[in-house]
Amino acid sequence: MGQTSILVVDDDKEIAELVEIHLVSDGYQVFKAYSAKEGYDILEKEDIKLVILDIMMPGIDGLNMCKTIRKNSTIPIIMLSAKSADLDKIIGLSTGADDYVIKPFNPLELTARVKSQLRRYTTFNPNSHEEKSGKEIIVNHLIINKEDHRVISYGKEVKLTPIEFDILHLLASNPGRVFSTDEIFERVWNEKMFEANNTVMVHIRRLREKIEMDSRNAQIIKTVWGVGYKIEK
């Protein structure tokens, strides 16, 4: 089996090379691009499994590049940004990113996040050789097939990212149970939430846009104000 290929898109060559050094040392194959255009070219030619994407780039910025990738692909995308405000994180995640890392960052933390996202993607990918139960979960208007990670809502198949699928699967597997945002984060991301952030809220919003008939009047994923989220029995 060949090396897992990762694309790093950052107009700062020093940062791109720093990320490359640490990823290569962990056994990954790294492709570097210093603009969105170069990144698109590599995505067309190579079998990229994960993208690390800087937000602030001249020309086409990382947000717009992320939106374009999401039109055709569910591969994990990790955003890099010097902006740490919650609003900036929300915007980054709303475009379809799976994770958001603030500059300056610890390269070891970044590689740990890369491994986490790739594990999730491997499980999510129908071509994965990992054994799956093959059971379907049916709750109200939802059908979730664990074998091939297909989701049907109101009779229509919807395309979810691995994290979106994991959140939906967690809630649907426990109908009627309310999960706090902290619980969802710890169960899906497999790490402790040490400070309040809007990551879960943003992903829930994206999920609703895909599976609800009217995302403003959610009938599948219910909000329990002051507590968390649930899917009714």
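Not measured: the values here are computed from a predicted model.

### Considerations on the overall build of the protein chain
No. 1: In terms of helices and strands, the protein chain carries eight helices and 11 strands.
No. 2: The globule rule puts the C-alpha radius of gyration for 233 residues at 17 Å, and the 18 Å found for the protein chain is close to it.
No. 3: Dimensions of the protein chain, computed from the C-alpha atoms along their principal axes, are close to 50 × 40 × 30 Å.
No. 4: In the protein chain, which comprises 233 residues, the proportion classed as buried is 47%.
No. 5: Across the protein chain, the fraction of contacts at a sequence separation of at least 24, relative to all contacts at a separation of at least 6, is 58%.
No. 6: Counting only carbon and sulfur atoms, one obtains 49% of the accessible surface of the protein chain, whose full area is about 12,100 Å².

### Observations concerning the side chain of Glu212
No. 1: Relative to the helices and strands, Glu212 resides in the loop between helix 8 (199–211) and strand 10 (221–224).
No. 2: The buried charged residue Glu212 lacks any salt bridge, with Arg208 as its nearest oppositely charged partner at 4.7 Å.
No. 3: At 2.8 Å, the side chain of Glu212 and the backbone nitrogen of Gln219 are in polar contact.

### A few points about the domain arrangement of the protein chain
Interface size is often expressed as the accessible area that is lost when the parts come together.
No. 1: Parsing the protein chain into structural domains produces domain 1 (5–122) and domain 2 (136–231).
No. 2: For domain 1 and domain 2, the distance between their C-alpha centres works out to 24 Å.
No. 3: Every contact between the two is made by 18 residues of domain 1 and, on the other side, 18 residues of domain 2.
No. 4: Summed over both sides, the interface between domain 1 and domain 2 buries roughly 1,400 Å², with carbon and sulfur atoms accounting for 51% of that surface.
No. 5: If you sort the residues of domain 1 by the area they bury against domain 2, Thr74, Leu93 and Arg120 come out on top, with a joint share of 39%.
No. 6: On inspection of domain 1 and its partner domain 2, the count reaches zero salt bridges.

### So, the confidence of the model for the protein chain
No. 1: Summary statistics for the protein chain give a mean pLDDT of 86 and a share of 91% for residues scoring 70 or more.
No. 2: Within the protein chain, the element-level pLDDT minimum falls on helix 4 (residues 86–94), averaging 78, and the maximum on strand 1 (residues 5–9), averaging 97.
No. 3: With pLDDT under 50 throughout, residues 126–134 is counted as low confidence; its partners more than four residues away or in other chains account for 10 contacts.

### Regarding a negative patch on the surface
No. 1: Together, Asp11, Asp12, Glu14 and Glu17 make up a negatively charged patch on the protein surface.
No. 2: One can find Asp12 in the loop between strand 1 and helix 1 (13–25).
No. 3: For Asp12, a relative accessible area of 34% corresponds to the partly exposed category.

### Focus: the packing of aromatic side chains
No. 1: Counted according to the given criterion, the structure contains one aromatic pair.
No. 2: Taken together, a centroid distance of 4.9 Å and an interplanar angle of 10 degrees make the contact between Phe185 and Trp189 stacked. One end of the pair is Phe185 and the other is Trp189, both in helix 7 (residues 181–189) and four residues apart, which spans about a single turn.
No. 3: Given a relative accessible area of 7%, Phe185 falls into the buried group.

### Quick word on the pattern of salt bridges
No. 1: Overall, the coordinates contain 14 salt bridges when judged by the stated rule.
No. 2: Measuring nitrogen to oxygen at the nearest pair gives 3.4 Å for the salt bridge that ties Asp26 to Lys115. Residue Asp26 is found in the loop between helix 1 and strand 2 (29–33), and its partner Lys115 is found in helix 5 (residues 107–124); the two are separated by 89 residues along the sequence.
No. 3: With its nearest N and O atoms 3.7 Å apart, the salt bridge here joins Lys37 to Asp41. Here Lys37 and its partner Asp41 are both found in helix 2 (residues 36–45), four residues apart, which amounts to about one turn of the helix.
No. 4: Looking at Asp41, the relative accessible area reads 31%, which means it is partly exposed.
No. 5: Connected through salt bridges with shared partners, the residues Asp10, Asp54 and Lys103 form a single ionic network.

Rules used in this analysis
- Residues numbered from 1 in each chain as written.
- Predicted model: local features only at pLDDT ≥ 70, side-chain atom pairs only at ≥ 80, totals over all residues.
- Heavy atoms only, no water.
- Helix = DSSP H or I, 4+ residues; strand = E, 2+ residues; numbered from the N terminus.
- Rg over C-alpha atoms; globule rule 2.2 N^0.38 Å.
- Buried < 20%, exposed > 50% of the residue type's maximum accessible area, 1.4 Å probe, protein only.
- Contact = heavy atoms within 4.5 Å.
- Areas by Shrake-Rupley, 256 points an atom, 1.4 Å probe, with all protein chains shown as cover.
- Lys, Arg positive; Asp, Glu negative; His and termini not counted.
- Salt bridge = Lys/Arg side-chain N within 4 Å of Asp/Glu carboxyl O.
- Polar contact = N/O pair within 3.5 Å; in protein donor to acceptor, adjacent residues only side chain to side chain.
- Domains from an automatic or database assignment.
- Buried area = accessible area lost by both parts, 1.4 Å probe.
- pLDDT = per-residue confidence, 0-100.
- Patch = residues over 30% accessible without salt bridge, like charges linked within 9 Å, V, L, I, M, F, W, Y side chains within 5 Å.
- Charge placed at Lys NZ, Arg CZ, Asp CG, Glu CD.
- Phe/Tyr/Trp six-rings, centres within 6.5 Å; stacked < 30°, edge-to-face > 60°.

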